[in-house]
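Reading the structure
So you can see what is in the structure, the chains are spelled out below.
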Amino acid sequence: MKKIKRFLNIGKEAELKKNIKEVDQFLYKLINSKIETIQNPEDDNIYLKKRDFVSRRLEMKDTDPKYLRDMVLCVTVAGQDTTASSLSWFVYMMCKHLHIQEKIAQEVREIINLKDDRSVDELAASLDQEALNNMPYLHATLSETIRLYPSVPMNARMCFSDDTWPDGFSVKKGDMVVYQPYAMGRMKSLWGDDAEEFRPERWLDKNGLFQDESPYKFIAFSAGPRICLGKEHAYTQMKIISAVLLGSYIFKLADEKKIVNYKTMVSLPIDGGLYVKASPRLWHAKP
Ligand code: HEM
């Protein structure tokens, strides 16, 4: 049916074709303008100075527009909504666990060692990689959020040959195997009796250092050869944003009684969005 619709260019297939064209036009325009800027030696180009993703590829002589379009699209599709929904759930968890919110704010404050009257910009400017590496509690809290609210809640693989798994279960070539990071993140057999509790401490050793889990257990970023390529980048982004936010503001739910739930989709957004109140963090005040 799909093929017929595509051939006749009607219905959803026609709509898809139109949308792809629109995205392509936008991306090719951007890529071509960057290529032109680079090829013009007189242009003291601001684009290259910005050293964004496309500029870096161009510097490495990757100038095929189609390749660049695929790269940009892949990173945007894989990296944007996943990180955004994880951060939304993180803010939700912070509103539900104010003492954890306070603990992270303290960790940020201690690591960057800033005065009480610092601005949001000053706080952001002092977050270098070393500072981010020294925030195990924040790292643990983000991991705990993603364990319970994985932005890819369900995933699947196609078997390319007949096989028998370690537990004796057999699969045939062409079978589809579906696994559910959402359910796996809440299984008592994997995470213990408190699996449904939000407890960042489960990720810390007795010295308070972050202890990573096997990706086959903490499956939210997938595992094996096709594991998420942007995992480290995602943590860096999420740590910068949450350190700046929690270091500067106290978050509370706009309506404590409103039920917050997920929307069933390929990703895991909060249904209807999350409404919060942010008030400036005064270091002598408790949330
Ligand atoms: C919390 C944030 C993120 C989560 C939970 C996440 C999760 C995942 C998962 C589950 C996969 C495997 C998909 C599959 O094979 O079926 C994946 C793949 C991928 N992710 Fe992420 N991702 C996140 C952020 C990012 C970011 C920020 C980027 C890029 C900047 C990124 C780039 C990629 C790429 C390129 C792949 C494909 C890897 C491959 O197939 O070889 N991801 N991600």
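Quick caveat, the model's predicted, so the values are computed rather than measured.

Within the protein chain one finds 12 helices and six strands. In terms of its C-alpha atoms, the protein chain occupies a principal-axis envelope of roughly 65 × 65 × 35 Å. By sequence separation, contacts in the protein chain at least 24 residues apart represent 65% of the contacts at least 6 residues apart. On the protein chain, roughly 18400 Å² of surface is accessible, and the fraction owed to carbon and sulfur atoms is 57%.

Attention now moves to the state of the cysteines. Evaluated as defined, the whole model comprises zero disulfides. With no disulfide of its own, Cys 74 lies closest to Cys 228 among cysteine sulfurs, the gap being 9.7 Å.

Here we take up the site of the ligand. Taken together, the neighbourhood of the ligand is formed by 22 residues, with Ser 151, Asn 155, Arg 157, Arg 226 and Cys 228 sitting nearest. Within the side chain of Asn 155, one N or O atom sits 2.9 Å away from an oxygen atom of the ligand. One nitrogen or oxygen atom from the side chain of Arg 157 is found 2.8 Å from an oxygen atom belonging to the ligand. In terms of residue count, the dominant contributor to the shell around the ligand is helix α5 (residues 65-96) (seven residues). Grouping the amino acids of the shell around the ligand by side-chain chemistry returns 10 nonpolar, 10 polar and two charged.

Attention now goes to the coordination of the iron atom of the ligand. Looking at the iron atom of the ligand, one finds just one donor atom contributed by the protein, Cys 228 (SG), at 2.3 Å. Here Cys 228 lies in the loop between α11 (188-191) and α12 (231-248).

For the rest of this paragraph, the subject is the pattern of salt bridges. Taken as a whole, this structure holds 12 salt bridges when the rule is applied. One salt bridge in this structure joins Lys 66 and Asp 70, with 3.1 Å as the shortest N-O distance. Of the two residues, Lys 66 and Asp 70 both sit in helix α5, four residues apart, roughly one turn of that helix. Two residues, Asp 194 and Arg 199, come together in a salt bridge whose shortest N-O distance is 2.8 Å.

All right, on to the domain arrangement of the protein chain then. Splitting the protein chain by domain gives domain 1 (1-63) and domain 2 (79-280). Relative placement of domain 1 and domain 2: their C-alpha centres are 31 Å apart.

This part covers helix α2 (residues 11-39). Its 29 residues place the ends of α2 42 Å apart at the C-alpha level, agreeing with the 42 Å of an ideal helix rising 1.5 Å per residue. Looking at α2, one finds that the buried residues are Glu 13, Asp 24, Leu 27, Ile 31, Lys 34, Ile 35 and Thr 37.

Moving on: the UniProt feature "binding site: heme" (unreviewed entry) in the protein chain. UniProt records the feature "binding site: heme" (unreviewed entry) at Cys 228, using the numbering of this structure. On the accessibility criterion, Cys 228 (33% relative accessible area) is partly exposed.

We now examine the packing of aromatic side chains. By the definition in use, this model includes 10 aromatic pairs. Taking 5.4 Å as the distance between ring centres and 40° as the angle between the ring planes, the aromatic pair formed by Trp 165 and Phe 169 counts as tilted. For Phe 169, a relative accessible area of 48% gives the class partly exposed. Between Trp 191 and Trp 203, the ring centres sit 5.7 Å apart and the planes meet at 45°, which makes this aromatic pair tilted. Taken together, the positions of Trp 191 in helix α11 and Trp 203 in the loop between α11 and α12 put the pair 12 residues apart, joining distant regions of the chain.

Looking now at unusual backbone geometry. A positive phi angle, near 55°, is found at Asn 9, a position not held by glycine. Structurally, the position occupied by Asn 9 is in the loop between α1 (2-8) and α2. Residue class for Asn 9 comes out partly exposed when judged on its relative accessible area of 38%. A positive phi angle is found at Ser 222, which is not glycine, with a value near 65°. Assignment of secondary structure puts Ser 222 in the loop between α11 and α12.

Conventions adopted
Residues numbered from 1 in each chain as written. Predicted model: local features only at pLDDT ≥ 70, side-chain atom pairs only at ≥ 80, totals over all residues. Heavy atoms only, no water. Helix = DSSP H or I, 4+ residues; strand = E, 2+ residues; numbered from the N terminus. Contact = heavy atoms within 4.5 Å. Areas by Shrake-Rupley, 256 points an atom, 1.4 Å probe, with all protein chains shown as cover. Disulfide = S-S within 2.5 Å. Near = heavy atom within 4 Å. Polar contact = N/O pair within 3.5 Å; in protein donor to acceptor, adjacent residues only side chain to side chain. Nonpolar A, V, L, I, M, F, W, Y, C, P; charged D, E, K, R; others polar. Donors = N, O, S within 2.8 Å, 3.2 Å for Na, K, Ca; no water. Salt bridge = Lys/Arg side-chain N within 4 Å of Asp/Glu carboxyl O. Domains from an automatic or database assignment. Expected span 1.5 Å × (residues − 1). Buried < 20%, exposed > 50% of the residue type's maximum accessible area, 1.4 Å probe, protein only. UniProt positions renumbered as here; feature names shortened; annotations may be inferred. Phe/Tyr/Trp six-rings, centres within 6.5 Å; stacked < 30°, edge-to-face > 60°.

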